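# Architecture at a glance
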Amino acid sequence: MPFSLLRNALSSDPCAKPDFPPPPPLGRSYDVVIIGGGGHGVATAYYLATRHGIANVAVLEKGYLGGGNTARNTAVIRSNYLTPESVKFYIASVDLYRDLSNELDFNIMYSERGQLTLAHTDGAVRAFRQRCEVNRHLGARSEMLDRQQIKELVPCLNLDPGHLPVLAGLWHIDGATARHDAIAWGYARGAIARGAHFHPLTEAQDFVVENNRVTAVKTNRGLIQCGCVVQAVAGSSSLLLNKLGIRAPIHTYPLQAMVTQPVKPFLDPLVSSSALHCYVQQTGRGEILIGGGSDPYPLYSSRATLDLKEGLLAHAVEMFPFLADAKLMRQWAGITDMTPDYSPIMGRSPIDNYYLDAGWGTYGFKATPICGVTMAELVASGGETPELIQPFSLDRFSRFRQINEMGATAASH
Amino acid sequence: MKLMPCPLNGPRNITEFTYGGELVAMPDPAACTDAEWADYVFNKTNPAGIVREWWLHNASHYWFIAERDTVTDDILRTFDPGELFTARIDFAPQPARQETPS
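Presented here is an overview of the structure given in this document. Note that the structure is predicted; figures quoted are calculated from it, not measured.

## Notes on the overall build of chain B
When helices and strands are counted, chain B shows one helix and six strands. Secondary structure of chain B in N-to-C order comes out as β-β-β-α-β-β-β. The C-alpha atoms of chain B give 17 Å as radius of gyration, which overshoots the globular expectation for 102 residues (13 Å, by more than 25%). Across its three principal directions, the C-alpha atoms of chain B cover 55 × 30 × 30 Å.

## What about the nonpolar core?
Where a protein is soluble and globular, its nonpolar side chains tend to be buried together. By size, the foremost hydrophobic cluster in this structure holds 119 residues, and its most contacted members are A:Val32, A:Val33, A:Ile34, A:Ile35, A:Ala45, A:Val57 and A:Val229. Examining the composition of this core, we find that eight residues originate from one element, helix 8 (residues 180–193) of chain A, more than from any other. When residues of this core are assigned to domains, at least three fall in each of domain 1 (21–73 + 181–250 + 341–409) and domain 2 (112–171 + 251–338) of chain A. Excluding residues that lie within four positions of it along the chain, A:Val229 makes contacts with A:Val33, A:Ile35, A:Val214, A:Val217, A:Asn353, A:Tyr354 and A:Tyr355. Core analysis: the second largest hydrophobic core is formed by seven residues, B:Met4, B:Phe17, B:Phe64 and B:Ile65 among them.

## Observations regarding unusual backbone geometry
Residues and elements named next belong to chain A. Positive phi values are uncommon outside glycine, yet Ala75 reaches one of about 55 degrees. As for its position among the elements, Ala75 is in the loop between helix 3 (69–72) and strand 3 (76–77). Note on Ala75: 24 C-beta atoms within 10 Å, which makes it buried. Backbone geometry at Ala234 places phi at a positive 45 degrees, although glycine is not the residue there. Looking at the element boundaries, Ala234 is found in the loop between strand 12 (222–231) and helix 9 (237–244). For Ala234, a count of 27 C-beta atoms within 10 Å puts it in the buried group.

## Considerations on the pairing of strand 12 of chain A
Residues and elements named next belong to chain A. The pairing of strand 1 (residues 29–35) with strand 12 spans six bridges and is classified as parallel. When the bridges of strand 12 are listed, Ser29 appears paired with Gln225. Across four bridges, the pairing between strand 11 (residues 213–219) and strand 12 is antiparallel. What sits directly across from Thr219, in strand 12, is Gly222. Here strand 11 hands over to strand 12 after two residues, the two strands then running antiparallel side by side. Both strand 12 and strand 19 (residues 354–358) contribute to a ladder of three bridges, which runs parallel.

Rules and cut-offs
Residues numbered from 1 in each chain as written. Chains lettered and ligands numbered in written order. Predicted model: local features only at pLDDT ≥ 70, side-chain atom pairs only at ≥ 80, totals over all residues. Helix = DSSP H or I, 4+ residues; strand = E, 2+ residues; numbered from the N terminus. Rg over C-alpha atoms; globule rule 2.2 N^0.38 Å. Core = buried A, V, L, I, M, F, W, Y, C linked by C-beta atoms within 7 Å. Buried ≥ 20, exposed ≤ 12 C-beta atoms within 10 Å, placed from the backbone. Domains from an automatic or database assignment. Contact = placed C-beta atoms within 7 Å. Pairing = 2+ DSSP bridges.

This is the structure in structure tokens:
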């Protein structure tokens, strides 16, 4: 180490190597075209290369790497869902997250702090008990806490906000957070190093469909022939599906979040309230991150509204009264593709070689690694849907087999 | 504050209203297939552009139709549903439900 330091000090070459080479020229043909260069898209490219040896892959991104919802989410990782289908799926994701820094040789700043969800009504307590039992049965670490235990865990929390005293809490020990940008950067670096092409500023605009197969993707930079296509475009899901005439139960809503100025560390777990529709956590930089429910009506715009801030901040102050003195530093929004049952739409589409990773609404970040693994498996097998994602198929709606996760998702992401 | 021009109550704060979904024609529930019914219940066009949708003014419980741009959030026009629904719709009679002993 000292010698290399000395050598580099005397050399005119910079010793730091860039993580990403400049984008290669756009190829005319790829085995797999992935539309969407967020976490899900680049994770799929990464696992295609590492687990299936498929590297003739292009990731098309209309903006820049991880610039959509990957950069806009609140980085919550957890598996304390309600239905066995979801719990199994998210447990697999949390397991991959735990080892991801090693796997990618890139520090994703994984921080396992636990997530506490507060119940303010008898109904919520019953629902939490059910979640707790389902979680434990399948191997996720969840337990019920009473008021005294909550008080010991988060001493600065107000247990009697207004007319909604806290009755109990769902303590999810596996709850964690990580650096969201690093997920996209780490996966993209690994995929590019193994031969995948990442094309920023390349927008998929239309498709050439022959015999119910997509044979080429029309982009703003020209036509690309393709063996198959994976769609992972979050809030723009309906726009691409409409071009192919695929009907889907997706509504696009903005989801707003905000952070305060940084303060000294005081809050270790992620704290979320089911009745106040508000969750609060402290980031590694000391900012208080505040998030809540989606906007009240659909929109393809990440504009801010005062209404939402007023409501959300009032609830955050109910939970942590001293936050009233903190100043907001940043506010932003993501464009989310919501489904009626708050579960994703993954797997095959009515077009033979067009695969869907959509409907990720407000819960896509925590599933990034397992989405990459399962979508890569789906593509590599030529359309055999992995067991883990079979319940999330698009046709579950026409079979009336929804996976209802509204209660476990709507306000705690 | 964003204003919604209600056809009945005039311009009001949009927080007084509830969004009610895209305006789509309902198939005859007694005559359509399960697939057609599922399509009606679940699937959305969800366009980025001008869309016709149902809205409810909560306080007066008045349903109306708005034309709104889902990219700019501009409300272009609101009108009473009576402009579109001018005749009574009679669906085929439902088959009598079997009473189950309790």
